[in-house]
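Structure assessment
The lines below spell out each chain.
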Amino acid sequence: MVSDYPRLLVPWRLAEYPRTIAPEGNVASMKHAQEGMVGTGFAAFDEITNGLRQSEAYLVYGAAGLGKSTFALSFISEGLVAGEAAAIVTSRSPATVMEQARHSGLDFEAAFRNNQLFLFEYPENIAGNSSRLVDDLRIVEEFRAALAGNSVQRVVFDPITPLLAGPAQSFVADRFRVIANSIRTMGATALYLIDLPEGQAQTTASKDSAYGVIRFEELRDGRRLVLESMPESQSGEAIRFELEPGLGLRALPDHARTVLTIGAARPTRSAPVPPGIRASQSAAPAATILVIDPDEAESSQLQSLLGPAFRVVPAAGAADGLSSVAIHAPNLVILAEQVRGGGGID
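All values reported here derive from a predicted model rather than from experimental measurement.

**Digging into the pairing of strand E8 (residues 189-196)**
For E8, the buried fraction is high: eight of the eight residues fall into the buried class. Because side chains alternate across E8, one face comprises the buried residues Thr189, Leu191, Leu193 and Asp195, and the other comprises Ala190, Tyr192, Ile194 and Leu196, equally buried. The pairing of strand E4 (residues 57-63) with E8 spans seven bridges and is parallel. Paired with Tyr61 across the bridge in E8 is Ile194. In the sheet, strand E7 (residues 154-158) pairs with E8 via four bridges, with the strands oriented parallel. Counted as the bridge partner of Phe157 is Tyr192 from E8. As a crossover connection, the stretch from E7 through helix H8 (residues 169-185) into E8 is right-handed.

Next up, the structure:
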């Protein structure tokens, strides 16, 4: 039985998430998108590519923490601002998705409340359910059913890897082709994210069925996005960037030195820190401790013990934990031996 896959994220309270300023859209990005193309919200990318081809499939891959999810959230936000509906299928909790969006200066709360944004989460046993599926179309049928008659113009699978669990590379290639073609017939532009190195086999098997392929890389002096295969632009062109809190991906000029960070990027000389913020930074902030533990009682106990002296960030599983590392750049990570999405040691 695989009736519990995928699961629509409805039972969470909007009140849990503080309101922020609603996005106004990236004018510089949208003006580069031509007819038949859609903007991504990353102006440097859209200037080079004129955006993404409408209703096509794009494979986005690279190591975790390099900015793939931030790029995908920007893509979703750009559609919401334009009045489009969107869906995110992810291994992360809704709270983590919302927090990561806020960290990039995006507010998805109103869109979710108005049925403009749909959130889906993989169940804990997704790999087993996925590998037992005989009919690949079952995946898209459940996705359509969960949308309850609503149409979406943008879809992000972050990651797509759990749906590609199978015995052989040919199986993976066939399933990705079925999913990509089905989402394409729905009229939606889709990003399919894969983390490396664990998703290397799935990446190789899926490339031929993707309209475009985008690679995220970490270099000794920073990060870059590579247009590995883009029909509307020159393949191999790269954009060096940094992740800036409140702005997401920020392109760097060729001569600039990218700041290599795990989480939030440091302020650059071109963007001086306002006096009020500079004054608040003079006092050393409390160290941040990330607690990854699916047991709520144990996690709460650790938070109570550490809370008075440290800033404690809880996470229930591996996916949420990795996102929290990127968002909060913790000084210490405490994790249980077994967590959702993999063993703590792994």
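**Describing the nonpolar core**
Proteins that are soluble and globular tend to have nonpolar side chains buried together. Grouped together as the largest cluster of nonpolar side chains are 38 residues, with contacts concentrated most on Phe143, Phe157, Ile160, Ile183 and Tyr192. Those elements that place two or more of their residues in this core are E4, strand E5 (86-90), strand E6 (117-121), helix H7 (137-147), E7, H8 and E8. Ranked by residue count, the leading element in this core is H8, at seven residues. Every residue in contact with Phe143, bar those within four places of it in the chain, is listed here: Ala87, Val89, Phe120, Val155, Ile183 and Met186. Core analysis: the next-biggest nonpolar cluster, separate from the first, contains 37 residues, Ala44, Ala72, Phe75 and Phe241 among them.

**Brief notes about empty space enclosed by the protein**
Scanning the entire structure with this criterion turns up three cavities of 30 Å³ or more. Its volume calculated, the largest cavity comes out at about 90 Å³. Lining of the largest cavity is provided by Ser69, Ala72, Leu73, Ile76, Ile88, Thr90, Arg92, Val97, Gln100, Val156 and Asp158. Of all the secondary-structure elements, those providing two or more residues to the lining of the largest cavity are helix H3 (68-81), E5, helix H4 (94-103) and E7. Top contributing element to the lining of the largest cavity by residue count: H3, with four residues.

**Topic: the pattern of salt bridges**
Between side chains of opposite charge, pairing is possible as soon as their charged atoms come close. Scanning all chains against the criterion turns up 16 salt bridges. For Arg224, the salt bridge identified is with Glu217, shortest N-O distance 2.5 Å. Overall, Arg224 belongs to the partly exposed group, its relative accessible area being 28%. Among the residues examined, Glu217 registers a relative accessible area of 18% and is labelled buried. Via salt bridges that share partners, Lys207, Arg215, Glu217, Arg224 and Glu228 belong to a single interconnected network.

**Quick notes on the packing of aromatic side chains**
Evaluated as defined, the whole model comprises nine aromatic pairs. Residues Phe42 and Phe241 carry aromatic rings whose centres are separated by 6.5 Å and whose planes lie at 75° to one another, so their mutual orientation is edge-to-face. Taken together, the positions of Phe42 in the loop between strand E2 (37-38) and helix H2 (43-49) and Phe241 in strand E11 (residues 238-244) put the pair 199 residues apart, joining distant regions of the chain. Ring centres 5.8 Å apart and planes at 80° place the aromatic pair Tyr58 and Tyr211 in the edge-to-face group. With Tyr58 in strand E4 and Tyr211 in the loop between helix H9 (200-206) and strand E9 (212-219), this pair connects stretches of sequence that are 153 residues apart.

Basis of the calculations
- Residues numbered from 1 in each chain as written.
- Predicted model: local features only at pLDDT ≥ 70, side-chain atom pairs only at ≥ 80, totals over all residues.
- Heavy atoms only, no water.
- Buried < 20%, exposed > 50% of the residue type's maximum accessible area, 1.4 Å probe, protein only.
- Helix = DSSP H or I, 4+ residues; strand = E, 2+ residues; numbered from the N terminus.
- Pairing = 2+ DSSP bridges.
- Right-handed = clockwise from strand over helix to strand, strands pointing away.
- Core = buried A, V, L, I, M, F, W, Y, C linked by side-chain atoms within 4.5 Å.
- Contact = heavy atoms within 4.5 Å.
- 1 Å grid on protein atoms, 1.4 Å probe; cavity = no way out; pocket = protein on both sides within 12 Å on 5 of 7 lines; lining within 4 Å.
- Points joined across faces, edges and corners; volume = space filled by probe spheres on them.
- Salt bridge = Lys/Arg side-chain N within 4 Å of Asp/Glu carboxyl O.
- Phe/Tyr/Trp six-rings, centres within 6.5 Å; stacked < 30°, edge-to-face > 60°.

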